[in-house]
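Structure assessment
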Amino acid sequence: MSNNGNPNIAKGVLAGLAAGFFASWTMNQFQAAWTRIAEGTEKPHGAQAMQPAQGSKGDQAEDVKEQDDATVETAKVISRAVFDHELQESEKKPAGAVVHYAFGTATGGLYGALAEVSPQVTAAAGLPFGAAFWLIADEISVPMLGLSKGPTEYPVSTHVYALASHLVYGMTAEFS
């Protein structure tokens, strides 16, 4: 909020964009640490899931598509639709990272704008926002768009990983 008590949405969006970018980076660091600790778990399916599955030795060529996370799947769709280009294997990881940071940054901008209009959005250190982001993006939108399997096709541990990652995102966005 501005000093006069009126919402300053532009300020909120700008602050949120920066916070969203930093929160996306922090989320990646959290996911990398989680993956190192919990080697061998099934790969997460969410829009922000950036870590590759562990223990995928000997996969068939048909399974490669299955292994691409939702950010890479999104990058492939954008590349085909906008650039009429099939991503090469070497392009997938960087393109997925661009999608991850773009989506996380934009979501941060939305968070900043919402916080200006309705400060209750920032309650509980951003954790409810992170949980809502997980539910709407990972559990509903990504499967509905065909970018991952449905939520019931993943073990509970995958959902816990994705939720924890988004709670880290929400808290980081709030404190950035």
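Residues numbered from 1 in each chain as written. Predicted model: local features only at pLDDT ≥ 70, side-chain atom pairs only at ≥ 80, totals over all residues. Heavy atoms only, no water.

At a minimum axis distance of 12 Å, the contact between helix α4 (residues 89-117) and helix α5 (residues 127-144) shows a crossing angle of 130°. With respect to α5, the element α4 is oriented oblique. Read as a crossing pair, α4 and α5 show a hand that is right-handed. Taken together, the residues of α5 that come into contact with α4 (itself represented by Phe103, Thr107, Tyr111 and Leu114) are Phe129, Phe133 and Ala137. When grouped by side-chain class, the residues that make up the contact of α4 with α5 number six nonpolar, one polar and no charged. (Axes fitted to C-alpha atoms, helices over the stretch in contact; angles between N-to-C directions. Helix = DSSP H or I, 4+ residues; strand = E, 2+ residues; numbered from the N terminus. Parallel < 35°, antiparallel > 145°, perpendicular 65-115°, else oblique. Left-handed = near helix turned anticlockwise from the far one by under 90°. Contact = heavy atoms within 4.5 Å. Nonpolar A, V, L, I, M, F, W, Y, C, P; charged D, E, K, R; others polar.)

On to the nonpolar core. Generally speaking, a soluble globular protein has its nonpolar side chains buried in company with each other. Formed by Ala23, Met27, Tyr111, Phe129, Phe133, Ala137, Tyr169 and Ala173, the largest nonpolar core amounts to eight residues. Sorting the residues of this core by element identifies α1 (9-37), α5 and α6 (156-175) as the ones contributing at least two each. A total of three residues in this core trace back to one element, the largest contributor, which is α5. With sequence-adjacent residues up to four places away left out, Phe129 is seen in contact with Thr107, Tyr111, Leu114, Val121 and Tyr169. (Core = buried A, V, L, I, M, F, W, Y, C linked by side-chain atoms within 4.5 Å. Buried < 20%, exposed > 50% of the residue type's maximum accessible area, 1.4 Å probe, protein only.)

Another aspect to go through is unusual backbone geometry. With phi around 50°, Asp84 is a residue other than glycine that occupies positive phi space. Following the sequence through the fold, Asp84 ends up in the loop between α3 (70-83) and α4. Even without being glycine, Ala125 reaches a positive phi, approximately 60°. Structurally, Ala125 can be placed in the loop between α4 and α5.

Turning our eyes to something else, we now look at the packing of aromatic side chains. Across all of its chains, the model carries eight aromatic pairs by this definition. On the basis of an interplanar angle of 80° and a centroid distance of 5.3 Å, the ring pair of Trp34 and Tyr161 is categorised as edge-to-face. Highlighted residues: Trp34 in helix α1 and Tyr161 in helix α6, separated in sequence by 127 residues. With relative accessibility at 26%, the residue Trp34 sits in the partly exposed group. On the basis of relative accessible area, Tyr161 is assigned to the buried category, the value being 5%. Feature note: the residues Phe103, Tyr111, Phe129, Phe133 and Tyr169 constitute an aromatic cluster, connected by ring pairs. Lying across the ring of Tyr154, Lys149 places its NZ or CZ 4.9 Å from the centre. (Phe/Tyr/Trp six-rings, centres within 6.5 Å; stacked < 30°, edge-to-face > 60°. Lys NZ or Arg CZ within 6 Å of the ring centre and 35° of its normal.)

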